Amino acid sequence: MKVIILSSVLLTVSLFAQSAQEIIDANGCFACHAVASKKAAPAFAGIGKRNKRFEGTQAKATIMNSIHNGSQGKYPKFSSTAMPPYANLSTEELSTLADYILAQSSKAKGHGGQGMGQGMGKGRF
């Protein structure tokens, strides 16, 4: 009986969980970002690769924080572009987006960001 109830709960949760694509579409992420090419903001592939490289095991948490609180100045070529905060997203949605962004890192060109891991690029301001 417990197995049936647990299975029903898990099925219900998975039916209501949004995919990364649904969250991206609902929040207009592709207005500024693309998967593997630059637009008004860095590509998801570059964000994933840079965060894996410089943040290591904290990459997912760093991306989630940047989405939730907004971000500016982490990428030299986009230093004047500010990403607004998306405080309306749940922890589950932030986690889904961060996983998606990190999964795109294999599509990035180059070595994964030119920064020194401190959000300041190579000292260029």
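Only a predicted model underlies this, so the values are computations on that prediction, with no experimental measurement involved.

J.: Would you take a moment to explain the overall build of the protein for this structure?
T.: Within the protein, the regular secondary structure consists of 5 helices and 2 strands. What you see in the protein, going N to C, is helices and strands ordered as α-α-α-α-β-β-α. Taking all 125 residues of the protein together, 35% fall into the buried category. Taking the intrachain contacts of the protein between residues at least 6 apart in sequence as the baseline, contacts between residues at least 24 apart amount to 60%. When the accessible surface of the protein is split by element, carbon and sulfur atoms take 61% of a total near 7700 Å².

J.: Hey, could you run me through the environment of Lys60 in this one?
T.: Among the secondary structure elements, Lys60 is positioned in helix α4 (residues 59–69). The spatial distance from the C-alpha of Lys60 to the C-alpha of Ala98 is 5.6 Å, given a sequence separation of 38 residues. If we skip the residues at most four places from it in the chain, Lys60 touches Ser95, Ala98, Asp99 and Leu102. A polar side-chain atom of Lys60 sits 3.0 Å from a polar atom in the side chain of Asp99.

J.: Just checking my understanding: could you explain helix α3 (residues 44–55) for this structure?
T.: One turn of an α-helix holds 3.6 residues; hence residues three or four places apart share an orientation. A rise of 1.5 Å per residue sets the reference length of α3, with its 12 residues, at 16 Å; its end C-alpha atoms lie 16 Å apart and thus fit the reference within 8%. Every buried residue of α3 is listed here: Phe44, Ala45, Ile47, Gly48, Arg50 and Asn51. Residues of α3 that are buried sit in contact with α2 (20–27), α4 and α5 (91–103). At the C-terminal side of α3, Gly56 shows a positive phi close to 55 degrees.

J.: How should I be thinking about the nonpolar core in this particular structure?
T.: In globular proteins that are soluble, nonpolar side chains generally tend to be buried together. Of all hydrophobic cores here, the largest spans 20 residues; its most connected members are Phe44, Ile63, Ile67, Leu89 and Ile101. Broken down by secondary-structure element, the contributors of at least two residues to this core are α2, α3, α4 and α5. Sorting elements by how many residues they give to this core places α5 first, with 6 residues. Every residue in contact with Phe44, bar those within four places of it in the chain, is listed here: Ile24, Cys29, Phe30, His33, Ala34, Val35, Tyr100, Ile101 and Gln104.

J.: Would you mind showing me how to read the environment of Ala87 here?
T.: Tracing the backbone shows Ala87 in the loop between β2 (82–83) and α5. On the basis of relative accessible area, Ala87 is assigned to the exposed category, the value being 52%. Sequence separation between Ala87 and Asn69 is 18 residues, and the spatial gap between their C-alpha atoms is 6.4 Å.

Rules used throughout
- Residues numbered from 1 in each chain as written.
- Predicted model: local features only at pLDDT ≥ 70, side-chain atom pairs only at ≥ 80, totals over all residues.
- Heavy atoms only, no water.
- Helix = DSSP H or I, 4+ residues; strand = E, 2+ residues; numbered from the N terminus.
- Buried < 20%, exposed > 50% of the residue type's maximum accessible area, 1.4 Å probe, protein only.
- Contact = heavy atoms within 4.5 Å.
- Areas by Shrake-Rupley, 256 points an atom, 1.4 Å probe, with all protein chains shown as cover.
- Polar contact = N/O pair within 3.5 Å; in protein donor to acceptor, adjacent residues only side chain to side chain.
- Expected span 1.5 Å × (residues − 1).
- Core = buried A, V, L, I, M, F, W, Y, C linked by side-chain atoms within 4.5 Å.

Purely geometric numbers; function is a separate question.
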